[in-house]
Structure formats: structure tokens, C-alpha cells
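# Structural characterization, general
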Amino acid sequence: MADATLLFKQRLDGIASETEALLGRVLAAEVLPGELARPARLIDVMRYSALGGGKRFRPYLVVEAAALFKVPQSQALMVGAALECIHCYSLVHDDLPAMDNDDLRRGRPTAHKAFDEATAILAGDGLLTIAFDILSRAEVHPKPQVRIDLVSALARAAGVGGMVGGQILDLGAEGRFGDGKPQRLDRQGVEILQGMKTGALLRFACLSGAILGEADAERRNALDRYGSAIGKAFQIADDLLDLEGDPATVGKATGKDAAAHKATLVSVLGVDEARRKLAEFVAEAEAALAPFGADAAVLKAAAHFVAERTS
Ligand code: IPE
Ligand code: IPE
Ligand code: MG
Ligand code: MG
Ligand code: MG
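The paragraphs below set out a description of the structure included in this document. Since we're looking at a predicted model, the values are computed, not measured.

### Focus on the site of ligand 1
Near ligand 1 the following residues occur: Gly54, Lys55, Arg58, His87, Leu91, Arg106, Thr198, Phe234, Gln235, Asp238, Lys252 and Arg309. Within the side chain of Arg58, an N or O atom sits 2.7 Å from an oxygen atom of ligand 1. Here an oxygen atom of ligand 1 sits 2.8 Å away from a polar atom, N or O, in the side chain of Arg106. Here ligand 1 loses 89% of its free accessible area of 400 Å² to cover by the protein chains. Among the secondary structure elements, those contributing two or more residues to the shell around ligand 1 are α4 (73-94) and α10 (217-244).

### Digging into the site of ligand 2
As a matter of local geometry, ligand 2 sits amid Ser90, Leu91, Asp94, Asp100, Arg105, Met163, Gln167, Lys197, Thr198, Gln235, Asp238 and Lys252. In the environment of ligand 2, an oxygen atom lies 2.9 Å from a nitrogen or oxygen atom belonging to the side chain of Asp94. Gln235 has a polar side-chain atom sitting 3.4 Å from an oxygen atom of ligand 2. Summarising the interface, the protein chains cover 89% of the accessible area of ligand 2, which totals 390 Å² for the free molecule.

### Overview of the coordination of the magnesium ion (ligand 3)
For a metal with four tetrahedral donors the ideal donor-metal-donor angle is 109.5 degrees, whereas six octahedral donors ideally subtend 90 or 180 degrees. Looking at the magnesium ion (ligand 3), the protein donor atoms are Asp94 (OD) and Asp100 (OD), and they sit 2.2 Å from it. Separating the magnesium ion (ligand 3) from the magnesium ion (ligand 4) is a gap of 3.1 Å, which Asp94 spans by donating to each of them. Note on accessibility: Asp94 and Asp100 belong to one class, buried.

### Concerning the environment of Thr254
Examined against the element boundaries, Thr254 turns out to sit in the loop between α11 (247-250) and α12 (265-269). Overall, the relative accessible area of 22% leaves Thr254 in the partly exposed class. Separated by 28 residues in the primary sequence, Thr254 and Tyr226 place their C-alpha atoms 28 Å from one another. With sequence-adjacent residues up to four places away left out, Thr254 is seen in contact with Leu241, Asp242, Gly245 and Pro247.

### Observations concerning a nonpolar patch on the surface
A cluster of nonpolar side chains, namely Ile168, Leu169, Phe177 and Ile192, defines an oily patch on the protein surface of about 400 Å² accessible area. Along the chain, Ile192 falls in helix α9 (residues 187-212). The exposure class assigned to Ile192 is partly exposed, which follows from its relative accessible area of 47%.

### Notes on the side chain of Arg38
Position of Arg38 among the secondary structure elements: in the loop between α1 (3-26) and α2 (40-50). Look at Arg38 and you get buried, because its relative accessible area is 14%. There is a polar contact of 2.8 Å between the side chain of Arg38 and the backbone oxygen of Ala28. The contact partners of Arg38, leaving out residues within four places of it in the chain, are Val26, Leu27, Ala28, Ala29, Glu30, Val31, Leu32, Ile43 and Ile130.

What counts, and where the lines are drawn
- Residues numbered from 1 in each chain as written.
- Chains lettered and ligands numbered in written order.
- Predicted model: local features only at pLDDT ≥ 70, side-chain atom pairs only at ≥ 80, totals over all residues.
- Heavy atoms only, no water.
- Near = heavy atom within 4 Å.
- Polar contact = N/O pair within 3.5 Å; in protein donor to acceptor, adjacent residues only side chain to side chain.
- Areas by Shrake-Rupley, 256 points an atom, 1.4 Å probe, with all protein chains shown as cover.
- Helix = DSSP H or I, 4+ residues; strand = E, 2+ residues; numbered from the N terminus.
- Donors = N, O, S within 2.8 Å, 3.2 Å for Na, K, Ca; no water.
- Buried < 20%, exposed > 50% of the residue type's maximum accessible area, 1.4 Å probe, protein only.
- Contact = heavy atoms within 4.5 Å.
- Patch = residues over 30% accessible without salt bridge, like charges linked within 9 Å, V, L, I, M, F, W, Y side chains within 5 Å.
- Salt bridge = Lys/Arg side-chain N within 4 Å of Asp/Glu carboxyl O.

Right, here's the structure in full:
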């Protein structure tokens, strides 16, 4: 294995366990100042949804992007944990019967199966809210303006013009809201939808490193371009895994997108062309890192991981 790939895997493992530990502390039973109580059932479902699984690829990107600017890792891990809370909430809601109606997530029953639907909805609400609690804390960055910039960027990435917006476009494309007929989106339409539902959070992961590092415009834009390309690549890989992956390895049901008439680049372009597009986005991600030279070797390896992953 090439050095950078090996280093990438080691660092991903390390950052994943640090993220797990940090999330465990943030989602503890102890009440914080200003809170009245932490109901046990809500803490249980939030912990169930956020701990014990997941690749933690988004926190990984935050930490590595921030490392380019020598930001202390403890600060980047806080941002990674906040982002992971949003990501886990998005999965809990994505799996609900009213959305993708899935029973398996990260190799375990989905939150609404392990608990119940109302509890799963509230788990999502709790994880979404706590993300911004985490970002407001002084451990994130000594400068309040940097914390405000992070809050704003995450809100824009997660909300109506980002992930949530993409989710409604995704369901709309299935034909949920009109005459029941799937919409035939073209390539550009699918790229916008996917750039929002999946790309926006991955892009924030990369951009947040530049925000934490108070980067100049050139480096900030470079990470923004890298993040956009990674985001697009990530969802194509997910769609290929839905088509060709093994549920036991992927940890979630497969073969569902075509049945649901999901709008994906695989459905619009076919498998071969989608694979070509995936390789193109990986190359675009690598090229964007040019201003960082050899310092960006692990982020380049991360781009290849996105394309080659099996889970
Ligand atoms: C799955 O994300 C949902 C998408 C946005 C495609 P991940 O593949 O990162 O899921 P986990 O966090 O590793 O379970
Ligand atoms: C999910 O896309 C994007 C989210 C915002 C959660 P998918 O619906 O394809 O994700 P999986 O396949 O259920 O993980
Ligand atoms: Mg979905
Ligand atoms: Mg889904
Ligand atoms: Mg999917």
C-alpha cells in the first residue's frame, strides 16, 4: 500500500475513535447549565444514533483540512463532532418511514426500529440542536468571530439551501409531491440535488478547516473546490454501492434506489458513465489541492478512498 494510503487509513481510524469519545462526552447524561433535565430516553436514542458506527469521514476531513493550517486538533475535533451530529440526525430522519423507509443503518436497526418513530424524530431534533451548542463553545476557537463564521457556514450547509433542501428535491424527484410520477431530472438537475443533499455537509467539512485556520482567499477557495468535488464523488459512490454493494458490508439495505425511482447519476448516465464521472470528480478534488503541495498527500488519498470504499 502506498505510504499516503496507509497514513490515511491510520489517521482515519485515530480520528474516528477520538470523535467517538468526544461525542460520548457531549451526549452524556449530565445536565449542562441552562438545561432543565436530560430525559433518559432522548439521551439513549441520541447516543444510539450517533455512537458505535459510521466511518466518521466528515470529522476526518475537518481535522485534516484544519491541520493544513496547524490548527490544534482538539479544536477541529469539536467542529467534526458538531458536523457528525448533523450528519447522524440527517440519517435518522432519512431512514424514517415517511422518507426512505429503511430498517438497517450501520449494520443495526434504524433508530425508529430500535425505539419508535416519535422518539427517532426527536433524536434528530436533539442532534441538530446540539451541533450548534457545540460550535458555540470556547473550545472550538478562542475568537468569537471564527465561531460565528462556523455557525453560519454550518447552518447554510445543513439547512434549506443545503442538505435539507437537497432532501426535499430528492423526494420530489421520486414523484412524492405531484401526480406521483417520478421527475426526469437531467444530469445537471441531479448534480444540484446531490450537491445539496450530500455535497453541502462534506464541503462544509473541508471549508471549516480553512475557517478555523483563518486561511487566505486562495487556500480557502482551494478547500472549497476540493470539498465540492469530494461531495459529488461521495454520492455517486453511495449510489453505486446501492446498485452493486453487499448489504452485509455496506451496513444498509441495497437495491432500493432504482425501485424508488431515485434521481441519481447512475440512473441518468448508466453505470459506466457514472464511474467515469466519479473518477473525474476524484481528479478534480486532487487538482484543487495544488496550493498545499506535499502537505495535502493524505487529503489526496482521502479522495481515492471516497471512490474505492465498499461501505
Ligand atoms: C451515508 O453517509 C449517507 C450519504 C450522505 C450518502 P456515510 O456513508 O458517510 O455514512 P456513515 O456515517 O459512514 O454511516
Ligand atoms: C442520504 O442519501 C443523504 C442524506 C442527507 C442523509 P441516501 O438516502 O442515498 O443515503 P443512504 O443510502 O440512505 O445512506
Ligand atoms: Mg435519502
Ligand atoms: Mg436513504
Ligand atoms: Mg443511498
